[in-house]
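Single-letter residue listing:
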Amino acid sequence: MLFEKHSTAALTESSSKMTAQKGDNPLIWPLLSVLQSSNQSWKVHHLATELQNKGLMHDLDPLPEKDLFKRNFLLMNALYELQDILLPKQWLQVKSMEIQLFRIVPGNADLLHRQDAALRDYYLDWKNYDTCVNVVREMLESFWSSYQEYIGINIQLMNKGHALKVFELDETASDRDIRRQWKKLALKWHPDRDQGNADRFKEVCEAWQTLRDKSLVA
């Protein structure tokens with residue numbers, strides 16, 4: 001076994017500490033589609049271009065230098081989030097010039113994960129995006145709206161009771177329960193996964209749209 005239970009917990013600790021008060025980064029899921037569709041190694045700016053071609057990456061700042069930084073930050077944040085979501089079953093190598101998804105987790109992944117801790121913590125901390133909380137939230141809402149259109153989500157919110165049922169939760173579910181289940185189910189049903197299902201993935205996304213306001217209260 002490549003990862004013992006305590007190692008897995010340690011690997012996901014940094015992401016659980018970073019409560020996504022600013023909103024869920026919607027680039028996580030289209031990035032998974034791009035990475036699953038090819039065995040090639042990606043450069044972060046090539047990923048940005050790919051997402052821009054899909055209408056999912058927008059201008060973030062009128063100043064070219066700051067726009068480049070914010071694009072890079074948003075992508076690296078999503079990649080490190082996805083890295084933790086995929087562990088321990090898959091390994092996502094996250095280097096700005098060498099990003100690649102591996103179906104087999106390398107034996108030294110635990111060491112590699114620890115070596116990247118400082119950089120990962122930097123990109124998972126929204127304070128380093130160099131803007132206020134409300135602006136970050138508005139920016140992510142804009143990206144989420146684009147992703148809704150991209151995958152064809154019903155714009156009408158689902159009934160809360162139905163949404164909880166989709167999430168396999170009840171009214172006692174905590175904010176943390178909702179967010180954990182969202183990531184678990186979105187990953188499970190993502191259409192580019194081996195056992196994925198596009199309809200179930202859309203249903204989970206629609207349920208998240210109903211429940212996300214509750215889970216974003218910090």
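The structure this text deals with has already been given above.
Remember, predicted model here, so these are calculated numbers, not experimental data. (Residues numbered from 1 in each chain as written. Predicted model: local features only at pLDDT ≥ 70, side-chain atom pairs only at ≥ 80, totals over all residues. Heavy atoms only, no water.)

Colleague: What is the right way to look at the pattern of salt bridges in this model?
Modeller: In a structure, side chains of opposite charge can pair up when their charged atoms sit close to one another. According to the stated counting rule, one finds ten salt bridges in the structure shown. Across the pair Asp-61 and Lys-70 runs a salt bridge, and its minimum N-O distance is 2.8 Å. Taken individually, Asp-61 and Lys-70 each receive the classification buried, so the pair is uniform in this respect. Taking the shortest distance from any N to any O, the salt bridge between Asp-110 and Arg-114 comes out at 3.4 Å. Of this pair, Asp-110 and Arg-114 both sit in helix H5 (residues 109-115), separated by four residues, roughly a single helical turn. On the basis of relative accessible area, Arg-114 is assigned to the exposed category, the value being 53%. A single network of salt bridges, built from pairs that share partners, joins Asp-59, Asp-67 and Arg-71. (Salt bridge = Lys/Arg side-chain N within 4 Å of Asp/Glu carboxyl O. Buried < 20%, exposed > 50% of the residue type's maximum accessible area, 1.4 Å probe, protein only. Helix = DSSP H or I, 4+ residues; strand = E, 2+ residues; numbered from the N terminus.)

Colleague: I would appreciate a short explanation of the packing of aromatic side chains in the present structure.
Modeller: Note on aromatic pairs: each is described by the distance of the centres and the angle between the planes. By the definition in use, this model includes 14 aromatic pairs. Ring geometry for Phe-73 and Tyr-122: centres 6.2 Å apart, planes at 70°, overall edge-to-face. Here Tyr-122 lies in helix H6 (residues 117-124) and Phe-73 lies in helix H4 (residues 64-86), a separation of 49 residues in the sequence. Ring geometry for Phe-73 and Trp-126: centres 5.6 Å apart, planes at 50°, overall tilted. Of this pair, Phe-73 sits in helix H4 while Trp-126 sits in the loop between H6 and helix H7 (133-151), and the two are 53 residues apart along the sequence. Residue class for Phe-73 comes out buried when judged on its relative accessible area of 0%. Owing to a relative accessible area of 3%, Trp-126 belongs among the buried residues under this scheme. (Phe/Tyr/Trp six-rings, centres within 6.5 Å; stacked < 30°, edge-to-face > 60°.)

Colleague: I'm lost on the packing of helix H3 (residues 44-53) against H4 in this one. Help?
Modeller: When two helices pack together, you describe them by how their axes are tilted relative to each other and by the distance separating the axes. For the pair H3 and H4, the least separation of the axes is 10 Å and the interaxial angle reads 95°. Relative to H4, the element H3 lies roughly perpendicular. Together, Val-44, Leu-47, Ala-48, Leu-51 and Gln-52 of H3 and Arg-71, Asn-72, Leu-75, Met-76 and Leu-79 of H4 make up the contact between the two elements. (Axes fitted to C-alpha atoms, helices over the stretch in contact; angles between N-to-C directions. Parallel < 35°, antiparallel > 145°, perpendicular 65-115°, else oblique. Contact = heavy atoms within 4.5 Å.)

Colleague: It is not clear to me how the side chain of His-190 should be interpreted in this structure. Could you clarify?
Modeller: In this structure, His-190 sits in the loop between helix H9 (175-189) and helix H10 (198-215). Apart from residues lying up to four places away in sequence, His-190 is in contact with Trp-29, Leu-32, Ser-33, Tyr-147, Gly-196, Asn-197 and Phe-201.

Colleague: I'm lost on the packing of H4 against H6 in this one. Help?
Modeller: Put simply, H4 and H6 touch, their axes get as near as 8 Å, and they point 115° apart. In this structure, H4 meets H6 at a crossing whose hand is left-handed. Contacts between H4 and H6 involve Phe-69, Asn-72, Phe-73, Met-76, Asn-77, Tyr-80, Glu-81, Gln-83 and Asp-84 from the former and Leu-119, Arg-120, Tyr-122, Tyr-123 and Leu-124 from the latter. For the contact of H4 with H6, a count of residues per class yields eight nonpolar, three polar and three charged. (Left-handed = near helix turned anticlockwise from the far one by under 90°. Nonpolar A, V, L, I, M, F, W, Y, C, P; charged D, E, K, R; others polar.)

Colleague: Can you walk me through the nonpolar core in this structure?
Modeller: The tendency in soluble globular proteins is for nonpolar side chains to be buried as a group. Trp-29 and Phe-167 are the most contacted members of the largest nonpolar core, which has 59 residues in total. Every element with two or more residues in this core is listed here: helix H2 (28-36), H3, H4, H6, H7, helix H8 (160-166), H9 and H10. Per-element tally for this core: the top contributor is H4, with ten residues. Apart from residues lying up to four places away in sequence, Trp-29 is in contact with Asp-24, Ile-85, Tyr-147, Trp-182, Lys-183, Ala-186, Leu-187, His-190 and Phe-201. (Core = buried A, V, L, I, M, F, W, Y, C linked by side-chain atoms within 4.5 Å.)

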